[in-house]
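So you can see what is in the structure, the chains are spelled out below.
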Number of protein chains: 2
Amino acid sequence: MKAAAFEGWKQQAQAAVEAALQAWVPGAAPAGLGEAMRYGVLDGGKRVRPLLVLAAARATGGDELAAMRPAVAVELIHAYSLIHDDMPCMDNDVLRRGKPTVHVRFGQAQAMLAGDAMHTLAFELLTAPPGHEADFELSPRLSALLCALLARAAGHAGMAGGQAIDLASVGKALSHAQLRDMHRRKTGALLQASVMMGAACGQADARAWRALGEYGDAIGLAFQIVDDILDATQESATLGKTAGKDLDCNKPTYVTVLGLDAARRQADELHAQAQAALARSGLSDVSTLARLAERIVERES
Amino acid sequence: MKAAAFEGWKQQAQAAVEAALQAWVPGAAPAGLGEAMRYGVLDGGKRVRPLLVLAAARATGGDELAAMRPAVAVELIHAYSLIHDDMPCMDNDVLRRGKPTVHVRFGQAQAMLAGDAMHTLAFELLTAPPGHEADFELSPRLSALLCALLARAAGHAGMAGGQAIDLASVGKALSHAQLRDMHRRKTGALLQASVMMGAACGQADARAWRALGEYGDAIGLAFQIVDDILDATQESATLGKTAGKDLDCNKPTYVTVLGLDAARRQADELHAQAQAALARSGLSDVSTLARLAERIVERES
């Protein structure tokens, strides 16, 4: 896929994700809850995780329309985690995607609830409950598999567990191995699950499934390393969130543990691993996934 | 079912739920997260929701062992909501089930994360992910249906939505209809879903499904009315949580809106409705559900 064609696909996919979020995140939820939920997830973000779901579905021959539910679901999990992380008892951040964070805008109680409701909504969308407006139905087998993949990546063994390690690591010296484990859980697990959910929509065979798992693991870790690099080197205005935050909070990062150059080399090496995994997937067109890996590693915000 | 036989069933069921929670809530989750999760859900609570799941499965001929996953899942959702509700930005409560609340014991950040991880774990348990220790497997169809029922009841249209209304209602005069709507969402939805998840395990026919839905709706609302009555009339030591809290917080309750006698009458009337629904369910043995309804209305803590 040429760069221009990828750009076209990406813009179209982002617009479709935005439209699905607009349609599925309920503004009518009571007492301002819907407003807080929509504020927390609409009109912002690069939608990396949904793009990975859609690209993996595409690569495995899955229906991109059917893949929209897991695409939105994983973005809701990501967005809920940001809302909760930004709260005063966690990272106490006031800026996200260039806007005041949800708790600054709506208060802490509503922010916590909005995060909680988005968390549940992710699983509700994957199971298309009776009576829920649905453009299509997922098969029960696919529904259950998508829920399993998402829950495992988001929960105690994945994202939430990584957050707990993150909390406990403030002011501590972590080894490279410990840091890698934290990043894999905190960020990598959900990115990898995005790829696997797309692969599930395309009913990937065992060879492709294994290769995409390796691709997802590599880009998941690379993503967080690049985040660490950007946090240390970019301005808040570029990032749309508070830069230098990890340093200020005395949190170990790839930059503080390995240094900037070694961190950069790690990211490049993981990128190469991701591309090699794609090459052995046996899939005929992995170019969208290849471009996404490139963007994840080369991004500047 | 005689009272003694019911008592025997209840104790056995509670012990089985406790054992499943012990087995399935991971102590090994990293950086103290597992400890906080287990503290928040083990060794406490009446397990009303799991009992409803198991009793409804029993009444519809479902396997009580298979019903243990939704039984534990709904208790995890309930427990996560208590942990988040108790936090300073919400109800700021320090006592729960006779113990310091999770944020008092582990700090706010860990409490929020423990709630989040329990929330996810509920859906993970319902979908029995590959590699997860499982005594049995749920069929994909049952998995997806259970996730749908639980998500719908826990989310913006149910529990989380009810919480948002609750937040917004402090110091306000609600009508009886508004109060009923709030209670139905905040508490009733999850109790009703417990019944329906049990009925799903037993593959209830349309007649039983409808009747159990009515039963669940009635006891769900009755439960919260009785909570309001107990909050106004009992001591903290009896409740295991801070009594008089709603009054102190200037929150509308059935007692403040209708008065104690009318609230009591409402609870009794809902109890009668629940029993009438059971009678028209077409099920041959609804005695366990009947006894549970009785306990919900007549309990003193």
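Residues numbered from 1 in each chain as written. Chains lettered and ligands numbered in written order. Predicted model: local features only at pLDDT ≥ 70, side-chain atom pairs only at ≥ 80, totals over all residues. Heavy atoms only, no water.

## A short note on the relation of the copies chain B and chain A
With an RMSD of 0.0 Å, chain B superimposes on chain A once it is rotated by 180° and translated 0.0 Å along the axis. With respect to symmetry, the two chain copies, as superposed, fit the operation of a two-fold axis. When the interface residues of chain B are mapped onto chain A, 100% of them are again interface residues, pointing to one common binding face. (Least-squares fit on C-alpha atoms with pLDDT ≥ 70 in both. Contact = heavy atoms within 4.5 Å.)

## Topic: helix 7 (residues 140-154) of chain B
With 15 residues, helix 7 of chain B ought to run about 21 Å at 1.5 Å a step, and its terminal C-alpha atoms sit 21 Å apart, in line with that. Extensive coverage of helix 7 of chain B is indicated by the burial of eleven of its 15 residues. (Helix = DSSP H or I, 4+ residues; strand = E, 2+ residues; numbered from the N terminus. Expected span 1.5 Å × (residues − 1). Buried < 20%, exposed > 50% of the residue type's maximum accessible area, 1.4 Å probe, protein only.)

## A word on the environment of B:Arg295
All names here are of chain B. Looking at the secondary structure, you find Arg295 in helix 15 (residues 287-298). C-alpha of Arg295 to C-alpha of Phe223: the two residues are 72 residues apart in sequence and 9.7 Å apart in space. With residues near it in sequence (within four places) discarded, Arg295 still touches Phe6, Glu7 and Lys10.

## Some words on the confidence of the model for chain A
Caution applies to low-pLDDT regions: their predicted coordinates should not be interpreted in detail. All names here are of chain A. Here chain A averages 92 in pLDDT, and 96% of its residues register 70 or above. Ignoring residues within four places in sequence, the model shows residues 130-135, a span with pLDDT below 50, making nine contacts including any to other chains. Interface scoring of the predicted complex returns ipTM 0.95; its pTM is 0.95. (pLDDT = per-residue confidence, 0-100.)

## A few points about the interface of chain B and chain A
Facing 47 residues of chain B, the contacting portion of chain A comprises 47 residues. Taking both sides of the interface into account, the surface hidden between chain B and chain A amounts to around 3,900 Å²; carbon and sulfur atoms contribute 75%. Put simply, chain B and chain A have two salt bridges between them. Where chain B packs against chain A, one counts five residue pairs in polar contact (both at pLDDT 80 or more). Listing elements by their share of the side of chain B that touches chain A, those giving two or more residues are helix 2 (33-41), helix 4 (68-86), helix 6 (108-127), helix 7 and helix 8 (159-168) of chain B. For the side of chain B that touches chain A, the leading source of residues is helix 6 of chain B, giving 13 residues. (Buried area = accessible area lost by both parts, 1.4 Å probe. Salt bridge = Lys/Arg side-chain N within 4 Å of Asp/Glu carboxyl O. Polar contact = N/O pair within 3.5 Å; in protein donor to acceptor, adjacent residues only side chain to side chain.)

## Description of the side chain of A:Asp166
Within the secondary structure layout, A:Asp166 lies in helix 8 (residues 159-168). At 2.7 Å, the side chain of A:Asp166 forms a polar contact with the side chain of A:Lys251.

## Side note on the nonpolar core
Among the nonpolar cores identified, the biggest contains 212 residues, and A:Tyr215 and B:Tyr215 are the most heavily contacted of them. Discounting chain neighbours no more than four positions away, the residues touching A:Tyr215 are A:Leu52, A:Val195, A:Ala274, A:Ala277, A:Leu278, A:Leu289, A:Leu292 and A:Ala293. (Core = buried A, V, L, I, M, F, W, Y, C linked by side-chain atoms within 4.5 Å.)

## Here we look at the packing of helix 3 (residues 48-59) of chain B against helix 4 of chain B
All names here are of chain B. The N-to-C vectors of helix 3 and helix 4 enclose an angle of 155°; their axes lie 8 Å apart at closest approach. With respect to each other, helix 3 and helix 4 are oriented roughly antiparallel. As helix 3 packs across helix 4, the resulting crossing turns out to be right-handed. Residues Arg49, Pro50, Val53 and Leu54 of helix 3 touch helix 4, and the partners they reach there are Met68, Pro70, Ala71, Val74, Glu75 and His78. The residue inventory of the contact of helix 3 with helix 4, partitioned by class, reads seven nonpolar, one polar and two charged. (Axes fitted to C-alpha atoms, helices over the stretch in contact; angles between N-to-C directions. Parallel < 35°, antiparallel > 145°, perpendicular 65-115°, else oblique. Left-handed = near helix turned anticlockwise from the far one by under 90°. Nonpolar A, V, L, I, M, F, W, Y, C, P; charged D, E, K, R; others polar.)

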